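# Chains, contacts and geometry: an overview
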Amino acid sequence: MRATEFLYIFIVLFALLIIGKAEIYLVTVEGEPIVSYKGGDNGFEATAVESDEKIDSTSELVTSYALHLEKKHDMLLGMLFEHGTYKKLYSYKHLINGFAVHMSPEQAETLQHAPGVKSVERDWKVRKLTTHTPQFLGLPTGVWPTGGGFDRAGEDIVIGFVDSGIYPHHPSFATHNTEPYGPVPKYRGKCEVDPDTKRSFCNGKIIGAQHFAEGAKAAKAFNPTIDFDSPMDGDGHGSHTAAIAAGNNGIPVRMHGHEFGKASGMAPRARIAVYKALYRLFGGFVSDVVAAIDQAVHDGVDILSLSVGPNSPPATTKTTYLNPFDVTLLAAVKAGIFVAQAAGNGGPFPKTLVSYSPWITSVAAAIDDRRYKNHLTLANGKILAGIGLSPATHANGTFTLVAANDVLLDSSVVKYSPTDCQRPELLNKNLIEGNILLCGYSFNFVVGTASVKKVSETAKSLGAAGFVLAVESVSPGTKFDPVPVGIPGILITDVTKSMDLIDYYNISTSRDWTGRVKSFKATGALIWAAWSPNGTDEANYVGEGFAMISGTSMAAPHIAGIAALVKQKHPHWSPAAIKSALMTTSTTLDRAGRPLKAQQYSETEAMKLVAATPFDYGSGHVSPRAALDPGLIFDAGYEDYLGFLCTTPGIDKNEIKNYTNLPCNYTLSHPSNLNTPSIAVAHLVKTQIVTRTVTNVAQEETYMITARMQPAIAIDVNPPAMTIKPGASRKFTVTLSVRTVTGSYSFGEIYMKGSRGHKVRIPVVSQGYWR
């Protein structure tokens, strides 16, 4: 063997060794991205947009500068490393200047110290964080008419969904029963073709469909059989969020031959642009998500809906806002895109928020007034309420109750948790047929190894007349959603009611001295009060056309859809203006006029409801009709957010410059002066004055300003009244002073009442210290 051959083989083996232990890194480099490039680089003309202005991606200037940046990325890697020892996954050009690369940790270390490289961060994982809500939020009567009715609500507003894709054949996205959809010249996204059917994913309603999986593939997490190497939704989550925000109006929700009302998106005429970057088993990777966001902004979406976030809040506060993900969102807002992001489902515990950057809109989940209640009527006269989407048992009929643990075929099968009713082969069909099967809701249902749907299938296969699933204990964080089933069934979520049922069953059931049942005498009747078929996001909805799941993943697209309605009425409003309108017009009262309640766990881990605070509800519950005409807005732009970063303690100014390409020449004197429709002073020493600026987006109006605060903190507003002309802006100050140090936060609000009927409310939160 010649020396050159040996050397070649050694190099190849070394390259394979490097790739074998490679990881994905997100790299930012010197030079402005398209959104902020002001010229001067090798004669390329400026491509920067003014704050809240969209990128013109059809411009030759933008196209040529984008190609220039990509070539520089390739050149940097090519100069440092042997070809084949790394793989560049994406070039990021529009919102941040950088790339994602699959390489060894040793190569990443080399890259970190290379000239022109600003940051090298290892990729990290993210996870995925409604038929009735349009009526619940007052859209059909109070909002849609202002936009031309439901058949025009959201017209030509493009909502981009960074999620798990879409099932394009769902009726919520169909076009055959709607007015024809024309082109939207401002949108320049593309439509991928289904590799199986060779048909486009787009139909006019769906206006763009792309998928991003290079990071997932490089990490060996991608399974094309399950995840679909296309925009097809292999999960259900993406189809659900898209339908919530922009699904067609009046779509019948039919499951198992029963209709449960009609579904509609918040903005039923808005267009859907799909950017698939999340997958069934593992969630997603930031490298793919950033690529999806970058592409969405390039394509010209108006709204971004992100039901995605990190697996948990950061362990340190050092990089709270400065990472490729949050800085990408900051640049998206600079380009005029309103971003709604799910706040996470980690509560109701402190420090569980995973979306907190002030330039985007963080969305939490609330319980609406929709109820799908079933009732189980016992022969002893008790009526037990539960939830479920199922048919009733036959009218005026009663059926014998049979508990799963009393009809085991073999006592040795106890190791299989037979009371979960997941395995019909463990149970005696002869004793169950024609009766109601009583099962137990164990921790297996919480972790997902058991499902209500499987209980239904077990009961049906054994010939049961129906099933009852009793919750005997509740783990913190457990949520119960109505599950569509084909036979009569009920989930009794109230532990007290479940114990009533079990007590009645035990009293009515006679046993011999060994504990074996001699006869079943407990009887009852079930009374019914009135998603993507690929869906696997929730085991209970596999194969269903619709799903009814909750959480902030579902709340975020509600806000994205409502933001589309605001954008339709006020096309030139900034993302901050839209956010302000949603926040200042929200309410802290429920539909009955009572103060909002929040879930809280006691020392015994029992759930209870307590008076909610801004830490629970933020600004409050959204009021879409009021948001269309807020009277005043608190506006902010890119420089304001930069000032916020530069003023926040603990953030390195060099790090800010690395990510934003701008020095800290603009400060706010205190981060609390960021012009948001809320005020928070976490560490109030003695007295602090906070400034806010409001802009009148209505007719001339005089506002009376009042403030209230819990007793530990004194609050004063100046001036107490002001008259503002249309389009004009006025400043006011809020003075907070420590009265008593309590060791806890104090809450309050500033209330502005206009002479023309507008009402503006902003929450105030502070904790006092003597020093």
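Residues numbered from 1 in each chain as written. Predicted model: local features only at pLDDT ≥ 70, side-chain atom pairs only at ≥ 80, totals over all residues. Heavy atoms only, no water.

Note on the chain: under the UniProt heading Sequence similarities (unreviewed entry), the record states "Belongs to the peptidase S8 family." Regarding the chain, the relevant UniProt record gives this comment under Subcellular location (unreviewed entry): "Secreted". (UniProt positions renumbered as here; feature names shortened; annotations may be inferred.)

## Considering the overall build of the chain
Helix and strand counts for the chain come out as 20 helices and 35 strands. Out of the 771 residues in the chain, the part that is buried amounts to 54%. In the form shown here, the chain has an accessible surface area of approximately 33,200 Å², with 54% of it arising from carbon and sulfur atoms. (Helix = DSSP H or I, 4+ residues; strand = E, 2+ residues; numbered from the N terminus. Buried < 20%, exposed > 50% of the residue type's maximum accessible area, 1.4 Å probe, protein only. Areas by Shrake-Rupley, 256 points an atom, 1.4 Å probe, with all protein chains shown as cover.)

## Focus on the sheet that holds strand β31 (residues 713-718)
Read across the open sheet, the 4 strands follow the order β27-β29-β33-β31; overall the sheet is antiparallel. With one partner strand each, in any of the chains shown, β27 (632-633) and β31 form the two edges of the open sheet. Pairing of strand β29 (residues 687-696) with strand β33 (residues 729-738), which is carried by 9 bridges, proceeds in the antiparallel orientation. Residue I689 lies in a different strand from β33, and its bridge partner there is T735. (Pairing = 2+ DSSP bridges.)

## Looking at the layout of surface pockets
Approximately 530 Å³ is the volume found for the second largest pocket. Residue lining of the second largest pocket: 26 residues in total, with T588, Y617, R708, E749 and R761 positioned closest to the centre. Contributing elements (two or more residues each) for the lining of the second largest pocket: α17 (614-617), β30 (701-709), β34 (746-754) and β35 (759-769). Of the residues contributing to the lining of the second largest pocket, the split by class is 12 nonpolar, 10 polar and 4 charged. (1 Å grid on protein atoms, 1.4 Å probe; cavity = no way out; pocket = protein on both sides within 12 Å on 5 of 7 lines; lining within 4 Å. Points joined across faces, edges and corners; volume = space filled by probe spheres on them. Nonpolar A, V, L, I, M, F, W, Y, C, P; charged D, E, K, R; others polar.)

## Concerning the pattern of salt bridges
In the structure shown here, the tally under the stated rule is 17 salt bridges. Across the salt bridge formed by K217 and D229, the nearest N and O atoms sit 3.0 Å from each other. Highlighted residues: K217 in helix α6 (residues 214-218) and D229 in the loop between α7 (224-227) and α8 (237-246), separated in sequence by 12 residues. Of the charged contacts, one joins D500 and K382 as a salt bridge, the two residues approaching to 3.7 Å between their closest N and O atoms. Taken as a pair, D500 in helix α14 (residues 495-508) and K382 in the loop between β16 (373-378) and β17 (383-387) lie far apart in primary sequence, 118 residues in all. (Salt bridge = Lys/Arg side-chain N within 4 Å of Asp/Glu carboxyl O.)

## Overview of the sheet that holds strand β2 (residues 87-92)
Strand order across the open sheet formed by 4 strands is β2-β3-β1-β4, with antiparallel pairing between neighbours. Sheet topology places β2 and β4 (117-122) at the edges, where each strand pairs with a single neighbour. Here the strands of the sheet are splayed against their neighbours by 20 degrees on average, with no regard to which way each runs. Relative to strand β3 (residues 98-103), strand β1 (residues 23-29) runs antiparallel, the two being bridged by 6 bridges. Considered in β3, the bridge of L26 is made with A100. Its contacts with the sheet place helix α3 (residues 105-112) against β1, β3 and β4, and it is angled at close to 155 degrees to β4. Taken strand by strand, helix α9 (residues 286-299) contacts β1, β2 and β3, and its axis lies near 35 degrees from that of β2. (Axes fitted to C-alpha atoms, helices over the stretch in contact; angles between N-to-C directions. Contact = heavy atoms within 4.5 Å.)

## Considerations on the nonpolar core
Membership of the largest hydrophobic core comes to 67 residues, with the highest contact counts inside it found for V162, Y275, I293, V301, W359 and L645. Looking at this core element by element, the count peaks at 8 residues for α9. Discounting residues that sit within four places of it in the chain, Y275 has contacts with G160, F161, V162, D163, Y187, Q210, F212, A292, Q295, A296, D299 and V301. Counting residues in hydrophobic clusters, the runner-up holds 41 residues, among them L401, C439, I492 and L501. (Core = buried A, V, L, I, M, F, W, Y, C linked by side-chain atoms within 4.5 Å.)

## Structural notes on the state of the cysteines
Tallying each qualifying case throughout the model produces 3 disulfides. Bridging C191 to C202, the disulfide has an S-S length of 1.9 Å. On the S-S bond that ties C191 to C202, the torsion sits near -95 degrees, and the link is left-handed. In this pair, C191 is assigned in the loop between β6 (158-163) and β7 (206-211) and C202 in the loop between β6 and β7, connecting sequence segments 11 residues apart. Each sulfur in the disulfide pair C421 and C439 lies 2.0 Å from the other. Taking the sign of the S-S torsion, about -95 degrees here, the bridge from C421 to C439 comes out left-handed. Here the residue C421 occupies a position in the loop between β18 (399-403) and α11 (429-432), and C439 occupies one in strand β19 (residues 436-441), the gap between them amounting to 18 residues. Its relative accessible area of 4% is what places C439 among the buried residues. The cystine pairing of the chain, numbering bonded cysteines in sequence order, is 1-2, 3-4, 5-6. (Disulfide = S-S within 2.5 Å.)

## Quick word on the packing of α9 against helix α10 (residues 324-334)
For any two helices packed against each other, one specifies the inter-axial angle together with the distance between the axes. Where α9 contacts α10, the axes come no closer than 10 Å and their chain directions differ by 5 degrees. Viewed along their axes, α9 and α10 adopt a mutual orientation that is roughly parallel. Side by side, α9 and α10 meet where V286, V289, V290, I293 and V297 of the first sit next to P324, F325, T328, L329 and A332 of the second. Along the lines of polarity and charge, the residues of the contact of α9 with α10 split into 9 nonpolar, 1 polar and no charged. (Parallel < 35°, antiparallel > 145°, perpendicular 65-115°, else oblique.)

## A short note on the UniProt feature "active site" (unreviewed entry) in the chain
The UniProt record annotates "active site" (unreviewed entry) at D163, H237 and S553. Tracing the backbone through its elements, the reader meets H237 in helix α8. The exposure class assigned to H237 is buried, which follows from its relative accessible area of 2%.

## Some details on helix α13 (residues 452-461)
Buried residues of α13: V452, K453, V455, S456, T458 and A459, and no others. In the core, the buried residues of α13 are packed alongside β19, α12 (443-447) and β20 (466-471). Backbone geometry just after α13 places G463 at a positive phi near 80 degrees.

## Quick notes on the environment of T419
As for its placement among the helices and strands, T419 is situated in the loop between β18 and α11. Taking the relative accessible area as the measure of exposure, T419 reaches 30% and is therefore partly exposed. For the pair T419 and S442, spaced 23 residues apart in sequence, the C-alpha separation works out to 8.4 Å. With sequence-adjacent residues up to four places away left out, T419 is seen in contact with A404, N405, C439 and G440.

## Examining unusual backbone geometry
With an omega of 0 degrees, the peptide bond running from N718 to P719 counts as cis. Residue position: P719 is located in the loop between β31 and β32 (721-724). Despite not being glycine, K220 shows a phi value in the positive range, around 60 degrees. When its relative accessible area of 72% is taken as the criterion, K220 is described as exposed. At N661, a residue that is not glycine, the phi angle is positive and equals roughly 65 degrees. Tracing the backbone shows N661 in the loop between α20 (653-660) and β28 (679-685).

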